[in-house]
Amino acid sequence: AVVSTQSTGTHGMLEAIRSKVSKETRKHQYGNALFWADKAVSLSGGDPKDIFTFVNILYLRGEYHRAVYFLQTSRLHVTFYGAYLIAKCQAAREEWNEAKETLELLPDPSPLAPQSVPTDIIDGMTEQELMASVYLLKGTVYQALDNHQFAAQCFKLALKEDPYCVEAYENLVYNHYYTGKCEE
């Protein structure tokens, strides 16, 4: 009975800390959020969900090198979402060629492999929304590398995955990639 009480107590504490991380993030108090996210990672024994939360806060703080390092040391850089976050960090540092290489290593999820993108790790995001984010990032990277044809194709794919992806639409319009055929 003592073990189950400890386990329940630890789980309750972990959930309280996760809630604190979420609250601090919503308040844009990223230093506080990072502190508590680190505690959640430790208390959960390195649960990937907590690690991704920690890394996302590092990204929001502009600590891109540290985010990449943490993903690599936790061995989550080989996951779809981990590689996507690394590419996001590379793009934020304007390391366009590195971001392109990282994105090219992402497997294209196929309808035959519905578990290819484990979206249960990412609260509230569907597989389509994640794929739209990946295509949006690819479009941004290719645009920075002056490959406008491929950038336009990626922005269109982002809209196909998520018709509410306004950034993809704005990129198509702003960069004059938009044609009447896009509406279909």
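The notes below deal with the structure included here. (Residues numbered from 1 in each chain as written. Predicted model: local features only at pLDDT ≥ 70, side-chain atom pairs only at ≥ 80, totals over all residues. Heavy atoms only, no water.)

## Section: unusual backbone geometry
Rule in force here: Helix and strand assignments follow DSSP, with helices taken as H or I runs no shorter than four residues and strands as E runs no shorter than two, numbered in order from the N terminus. Residue exposure (1.4 Å probe, protein chains only): buried if accessible area is under 20% of the type maximum, exposed if over 50%, otherwise partly exposed.
The phi angle at His28 is positive, at roughly 60 degrees, despite the residue not being glycine. For His28, the location among the structural elements is in the loop between helix H1 (2-26) and helix H2 (30-43). Given a relative accessible area of 58%, His28 falls into the exposed group. Phi angles above zero are rare outside glycine, and Glu94 is one such case at about 60 degrees. As for its placement among the helices and strands, Glu94 is situated in the loop between helix H5 (80-92) and helix H6 (96-104).

## Looking at the environment of Asp162
The test is simple: By the convention used here, residues are in contact when the closest approach between their heavy atoms is within 4.5 Å.
You can see Asp162 is positioned in the loop between helix H8 (148-161) and helix H9 (166-174). Accessibility expressed as a relative area gives 15% for Asp162, which makes it buried. A sequence separation of 29 residues divides Asp162 from Ser133, and the C-alpha atoms of the two residues are 8.8 Å apart. Excluding residues within four positions of it along the chain, Asp162 makes contact with Gln128, Glu129 and Ala132.

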